[in-house]
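Understanding the architecture of this molecule
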Amino acid sequence: MIDLAMHIMDIVQNSLRAGAGRIGIDLIVNSRDHTLLLRIKDDGAGMDTEMVKKLDDPFFTTRTTRKVGLGVPFLKMTCEQTGGRLKVFSEEGRGSVMEAIYRTDHPDCLPLGDMGGYLALLLRTNTHICFRFTFRIDDAEFILDSDELKKQGIELQHPQMLDAVREYIRENLKQICGKRPTYGFLCM
């Protein structure tokens, strides 16, 4: 994976396969501590303790279409190579929480990537799922909640909405990224 957006897309696909109806995606940057927390929380099927222990094994997967699962091992590798760590909390029938912490002052910290494009695609192709995306750098915050968009009458299935939502996300992220310190983590 070359950016955080790709990791998010991969982990969210796991949540969707687990039957999640609500998925929270948080990117929280603390410039004082030089950390970035990537948290993905879902209300899917969850996992038992043994399955959680196997997640960082590239030869373990629950998918039947292939015999390897590289998404979680790659996520673990990219955060650990910056001096961070990966934690997974899960309980069968109650969902999962995956937290990857990156050191933003490390040269191997991944850039944000095309978050607007990935999120717009997720919203467009999964209109029955509630997505809540939070992006925060210190005190500046942007929240996108798919249920709120629907309440405002925004039809995410409408063909022209994909571009509009993508640009809305990109502009808000750009505004928040403009408030970050000039070293470390690459926003856009």
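Just so it is clear, the structure is predicted and the values come from calculations on it, not from any experiment.

1. A word on the pairing of strand S5 (residues 130-137)
Of all eight residues in S5, six are buried, a share of seventy percent or more. Of the pairings in the sheet, the one linking strand S1 (residues 22-30) to S5 comprises eight bridges and is parallel in character. Residue pairing for S5: Ile 23 is matched across the bridge by Phe 131. Two strands pair when backbone bridges link them, and S5 and strand S6 (residues 140-145) are joined in this way by six bridges, in the antiparallel orientation. Directly across from Phe 135, in S6, lies its bridge partner Phe 142. Following S5, the chain reverses through two residues before pairing antiparallel with S6; Asp 138 in that reversal takes a positive phi of roughly 55 degrees.

2. Points about unusual backbone geometry
Here the phi dihedral of His 34 falls at roughly 60 degrees; this positive angle occurs in a residue that is not glycine. One can find His 34 in the loop between S1 and strand S2 (35-42). Phi is positive for Asp 138, which is not a glycine, with a value near 55 degrees. Along the chain, Asp 138 turns up in the loop between S5 and S6.

3. Some thoughts on the confidence of the model for the chain
Residues of the chain with pLDDT of at least 70 account for 86%, and the chain-wide mean is 87. Here helix H2 (residues 49-54) stands out as the element of the chain with the lowest mean pLDDT, 75, in contrast to S2, whose mean of 97 is the highest.

4. A word on helix H6 (residues 161-177)
With 17 residues, H6 should cover 24 Å at 1.5 Å per step; its first-to-last C-alpha distance of 24 Å lies within 8% of that length. Taken residue by residue, H6 has Val 165, Arg 166, Ile 169, Asn 172, Leu 173, Ile 176 and Cys 177 as its buried positions. Down the axis of H6, the buried set is contained in an arc of 135 degrees. They therefore lie on one face. Buried residues along H6 sit against helix H4 (115-125), S5 and S6.

Rules of the game
- Residues numbered from 1 in each chain as written.
- Predicted model: local features only at pLDDT ≥ 70, side-chain atom pairs only at ≥ 80, totals over all residues.
- Heavy atoms only, no water.
- Buried < 20%, exposed > 50% of the residue type's maximum accessible area, 1.4 Å probe, protein only.
- Helix = DSSP H or I, 4+ residues; strand = E, 2+ residues; numbered from the N terminus.
- Pairing = 2+ DSSP bridges.
- pLDDT = per-residue confidence, 0-100.
- Expected span 1.5 Å × (residues − 1).
- Arc of directions from axis to C-beta.
- Contact = heavy atoms within 4.5 Å.

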